[in-house]
Structure formats: C-alpha cells, structure tokens
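# Residue-level structure breakdown
Residues per chain, in single letters:
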Amino acid sequence: TDYNHLGFNLRSNIFQGGPLESRSLMKDSYTPDIIQKGIRDPKNWYGRKTDELGKWHQKNALNLNLQKALEDKYG
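Residues numbered from 1 in each chain as written. Predicted model: local features only at pLDDT ≥ 70, side-chain atom pairs only at ≥ 80, totals over all residues. Heavy atoms only, no water.

The name given to the protein chain in an unreviewed UniProt entry is TEX33 protein, with Thinocorus orbignyianus as the source organism.

Below, the structure is given as structure tokens:
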C-alpha cells in the first residue's frame, strides 16, 4: 500500500521539487571579483602535481631495488 500511496503522490505532483533558482550564501556574501579570484587556475597551481609524485615513486622503487640487490650480494 505504501508503494501505491507513493505512486499516487508522485502522479498528483505533491512533491514539486526545489526552487527553480538556487541561491548561494557565498554568492550573496561576496562581490563577483572575489568569487572570480577564488577559482583555481590549473596552469598556476602551486600544489603537488602527479608528475612530481610519479617521479618520487619511480626513484623510491629504484632505491628499494638497489637496497634489495645490495642485500642479496653482500648479505
């Protein structure tokens, strides 16, 4: 019966959904130039990049292989 009640309510358009125009507290609080400055530019991004992380993992793998080879050779 719950399924039938839900179907009836959906067909009756009781659940009309949210407002058509969404509002944001950030957009209401700040001027447009602050919001524009807040968008991150991928070309000038200063954080860690996957290329640097990939190079570190490659060097780490070479170091581990070297340590293993030295232990096998010299004990």
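Read on for the rest.
Right, let's get into the overall build of the protein chain. When helices and strands are tallied, the protein chain shows four helices and zero strands. Listed N to C, the secondary structure of the protein chain is α-α-α-α in terms of helices and strands. By residue count, 1% of the 75 residues in the protein chain fall in the buried class. (Helix = DSSP H or I, 4+ residues; strand = E, 2+ residues; numbered from the N terminus. Buried < 20%, exposed > 50% of the residue type's maximum accessible area, 1.4 Å probe, protein only.)

Summarising burial for helix α1 (residues 2–11): one of the ten residues are buried, a small minority. A positive backbone phi angle near 65 degrees is found at N13, which sits one or two residues after α1.

On the surface, a cluster of nonpolar side chains totalling about 310 Å² of accessible area is made up of M26, Y30 and I34. Tracing the chain through its elements places Y30 in the loop between α2 (25–29) and α3 (32–38). (Patch = residues over 30% accessible without salt bridge, like charges linked within 9 Å, V, L, I, M, F, W, Y side chains within 5 Å. Areas by Shrake-Rupley, 256 points an atom, 1.4 Å probe, with all protein chains shown as cover. Salt bridge = Lys/Arg side-chain N within 4 Å of Asp/Glu carboxyl O.)

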